[in-house]
Amino acid sequence: MGHIDRVLEEVDALADEAVAFTTEMIRIPTVNPPGDLYEECARFIGQQLVECGFDTEYYPAEGRPEHTVAHPRVNVVATRRGRFDRPLVHLNGHFDVVPAGDGWTVDPWGGEVRDGRIYGRGSCDMKAGIAAAVFASEAVRRAGIELNGTVEVSGTVDEESGGFAGVAWLAEHRRLSRDRTDYVIIPEPLYVDRICIGHRGVYWFEVQTRGRIAHGSMPFHGVSAIDHMALLLDRVRSELQPKLAARITDIPVVPPGARHATLNVNGISGGQPVDGIQTPCVADRCRAVFDRRFLLEEGFDATKAEIIELLEGIRRDVPDFQYHINDLMVVHPTRTPEGSPVVGALERALNRVLGRSGLVASPGTYDQKHVARIAGVPHCVAYGPGILDLAHQPDEYCDVADLVAATKVIALALLDLTGTHE
Ligand SMILES: [Zn+2]
């Protein structure tokens, strides 16, 4: 029997262990915020990796303000060297999960397996993905194959809140870096038969309009900041949003609606707090927070310039319109380079295991941005078990069949990327 068949057979044989490992992780509620039980979960993953023959190291995110005594931010990185140091394939999964929320019909922390599905918060996003990473390399080992390269597996924190104490920290401290790392696969849930090659950009900004306070019975003596915010919202709706809806990216973002540029108003407040005691006043201040998702083809500079131009256009028409804009967060879009070996290897593996493959990109961001921008490793994709739409939902689950298939695909990609042939 050849390498490939032996590895596929080993994955089938260890499927129950991979499921059990996933359910045990779900039973550690690593809820973010605030970042509960990170150290326990890192140690649990690390222990499994030791049993799978890895050298395991722990990296507390020293220097990050969110790394506290109450909520330590601890990452685990494990290495198994084959015949050579390089190529090095790094498999990274975040083990933080969002809060359970309401509407569950099963225990979100029970790790229940029923009708071929693993239920629980974090099952698809992305503890099953971590299990796929760990057991893909384990299947290679049990098949008695020594890789012509090195495999690393990491479990990291805080992806749901930006990943600054997780993947970004490892990249800033050169633990993840182009000097040592050739390929990165992040087993996020973006459909088991799809390879995710990047994400759109994010521009969060706050606009404050400023008016002039006056008596509410004589509003003509003042300038209402709320009326001025309404002017802005009206132009966003009538001028900007139609332009954004007409733009479409070449990158296969899913769902199809997210292939366009979008803008969401996250929140708004102005004048007196509505649940407090009211006095008659013209509002002299109004603030709103906007979430603009921009396309690789648009770029950040043009995206911001378009917002400024919209605001300046109002000022030209309404002389006492006063505003202040404040950038809250900028994440640039990322895209795996065309012809990347990591995409090719996963495509070949997918065609072998499932008989189909395709490319997608993510509507939101994930840790690929830190891998590409800070670590400088362009050959990074997301590929893992689970359905994107179930992430962060009540009754989140991952199909056992997805977990097994993704484990096989990643295992074959490890052989391919390290050039481990018969
Ligand atoms: Zn995730």
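Structure first, text after, so check above.
Here goes a summary of the coordinates provided. (Residues numbered from 1 in each chain as written. Predicted model: local features only at pLDDT ≥ 70, side-chain atom pairs only at ≥ 80, totals over all residues. Heavy atoms only, no water.)

**Side note on the packing of aromatic side chains**
Move 1: Within the structure shown, the criterion is met by ten aromatic pairs.
Move 2: Ring-pair connections join several aromatic residues into one group, and the members of that group are Y203, F205, F290, F294 and F300.
Move 3: A cation sits over an aromatic face here: R43 above Y58, 4.1 Å from the ring centre.
Move 4: A cation sits over an aromatic face here: R117 above Y397, 4.0 Å from the ring centre. (Phe/Tyr/Trp six-rings, centres within 6.5 Å; stacked < 30°, edge-to-face > 60°. Lys NZ or Arg CZ within 6 Å of the ring centre and 35° of its normal.)

**Remarks on the nonpolar core**
Move 1: If you look at the biggest cluster of nonpolar residues, it comprises 102 residues, and the most contacted ones within it are V7, I45, I185, L346 and Y383.
Move 2: Broken down by element, the residue count for this core peaks at 13 residues, all from helix α9 (residues 400–417).
Move 3: Setting aside residues no more than four positions away along its own chain, V7 makes contact with A139, V140, A143, I145, A411, L412 and L415.
Move 4: Counting 25 residues, the second largest nonpolar core, distinct from the first, contains F205, L232, L295 and Y323. (Core = buried A, V, L, I, M, F, W, Y, C linked by side-chain atoms within 4.5 Å. Buried < 20%, exposed > 50% of the residue type's maximum accessible area, 1.4 Å probe, protein only. Helix = DSSP H or I, 4+ residues; strand = E, 2+ residues; numbered from the N terminus. Contact = heavy atoms within 4.5 Å.)

**Regarding the coordination of the zinc ion**
Move 1: Coordination sphere of the zinc ion, protein contribution only: H94 (NE2), D125 (OD), E188 (OE) and E188 (OE), at 1.9 to 2.7 Å.
Move 2: All donor residues of the zinc ion come from one chain, and their arrangement in sequence is H-x30-D-x62-E. Within this pair, whereas D125 is found in helix α3 (residues 123–142), its partner E188 is found in the loop between β7 (183–186) and β8 (194–199), the two being separated by 63 residues in sequence. (Donors = N, O, S within 2.8 Å, 3.2 Å for Na, K, Ca; no water.)

**Brief notes about the packing of helix α1 (residues 3–26) against α9**
Between two packed helices, the angle of one axis relative to the other and the distance separating the axes together describe the packing.
Move 1: Where α1 meets α9, the closest approach of the two axes is 9 Å, and the angle between their N-to-C directions is 135°. When the axis of α1 is compared with that of α9, the two are oblique. By crossing handedness, the relation of α1 to α9 is classed as right-handed. Taking contact as the criterion, the partners of H3, I4, V7, L8, V11, D12, A15, A18, V19 and T22 in α1 are, on α9, V400, L403, V404, T407, K408, A411, L412 and L415. (Axes fitted to C-alpha atoms, helices over the stretch in contact; angles between N-to-C directions. Parallel < 35°, antiparallel > 145°, perpendicular 65-115°, else oblique. Left-handed = near helix turned anticlockwise from the far one by under 90°.)

**Thoughts on the sheet that holds strand β12 (residues 322–331)**
Move 1: Strand order in this open sheet of four strands is β10-β11-β9-β12, and the pairing throughout is antiparallel. Looking at the sheet topology across the chains shown, the edges are occupied by β10 (262–270) and β12. Taken pair by pair, the neighbouring strands of this sheet meet at an average axis angle of 15°, ignoring direction.
Move 2: One ladder, built from ten bridges, connects strand β9 (residues 201–210) with strand β11 (residues 285–294); its direction is antiparallel. Bridge assignment links E206 to a residue of β11, and that residue is V289.
Move 3: Seen against the sheet, helix α6 (residues 300–317) touches β9, β10, β11 and β12 and runs at an angle of roughly 165° to β12. (Pairing = 2+ DSSP bridges.)

**Side note on the pairing of strand β2 (residues 74–81)**
Move 1: Of all eight residues in β2, seven are buried; the element is thus mostly enclosed.
Move 2: Relative to β2, strand β1 (residues 55–60) is paired through six bridges, and the arrangement is antiparallel. Along β2, the bridge assignment pairs Y59 with N75.
Move 3: Judged from the six bridges that link them, β2 and strand β6 (residues 150–156) form a sheet pairing that is antiparallel. Directly across from V76, in β6, lies its bridge partner G155.

**Focus: the environment of R117**
Move 1: By the secondary structure assignment, R117 is in strand β5 (residues 117–119).
Move 2: A residue is classified by how much of its surface remains accessible, and R117, at 29% relative accessible area, is partly exposed.
Move 3: Residues R117 and R287, spaced 170 residues apart in sequence, show a C-alpha to C-alpha distance of 45 Å.
Move 4: Those residues within four positions of R117 in sequence are excluded, and the remaining contacts are E112, Y397, C398, D399 and V400.
Move 5: Engagement of the side chain of R117 in a polar contact is seen with the side chain of Y397, the distance being 3.2 Å. (Polar contact = N/O pair within 3.5 Å; in protein donor to acceptor, adjacent residues only side chain to side chain.)

**Section: the pattern of salt bridges**
Move 1: Inspection of every chain in the model, using the stated rule, returns 33 salt bridges.
Move 2: The residue E146 makes a salt bridge to R83 at a minimum N-O spacing of 3.5 Å. Within this pair, whereas E146 is found in the loop between α3 and β6, its partner R83 is found in the loop between β2 and β3 (88–94), the two being separated by 63 residues in sequence.
Move 3: We classify E146 as partly exposed; its relative accessible area is 42%. (Salt bridge = Lys/Arg side-chain N within 4 Å of Asp/Glu carboxyl O.)

**Focus on helix α5 (residues 225–246)**
Move 1: For α5, built from 22 residues, the straight-helix expectation of 32 Å at 1.5 Å per residue is met to within 8% by its first-to-last C-alpha distance of 31 Å.
Move 2: At L240, α5 shows its maximal kink, close to 40°; a proline, P242, follows between one and four residues later.
Move 3: Those residues of α5 lying buried are A225, H228, M229, L232, R235, V236, L240 and L244.
Move 4: Against the buried residues of α5 lie β9, β10, β11, α6 and β12.
Move 5: Where α5 starts, the residue carrying a side-chain oxygen 3.2 Å from the main-chain nitrogen of I226 turns out to be S224. (Expected span 1.5 Å × (residues − 1). Bend = angle between axes of the 7 residues up to and from the residue.)

**A few points about α6**
Residues separated by three or four positions in an α-helix point in the same direction, a consequence of the helix having 3.6 residues per turn.
Move 1: The end-to-end C-alpha separation of α6 is 26 Å, in line with the 26 Å expected for 18 residues at 1.5 Å each.
Move 2: Within α6 the residues assigned to the buried category are F300, T303, E306, I307, L310, L311, G313 and I314. Seen along its axis, α6 keeps its buried residues to an arc of 165°; they face one direction. Of the residues in α6, the exposed ones pointing more than 90 degrees away from the buried face are D301 and R316.
Move 3: For α6, the elements touching its buried residues are β9, α5, β10, β11 and β12. (Arc of directions from axis to C-beta.)

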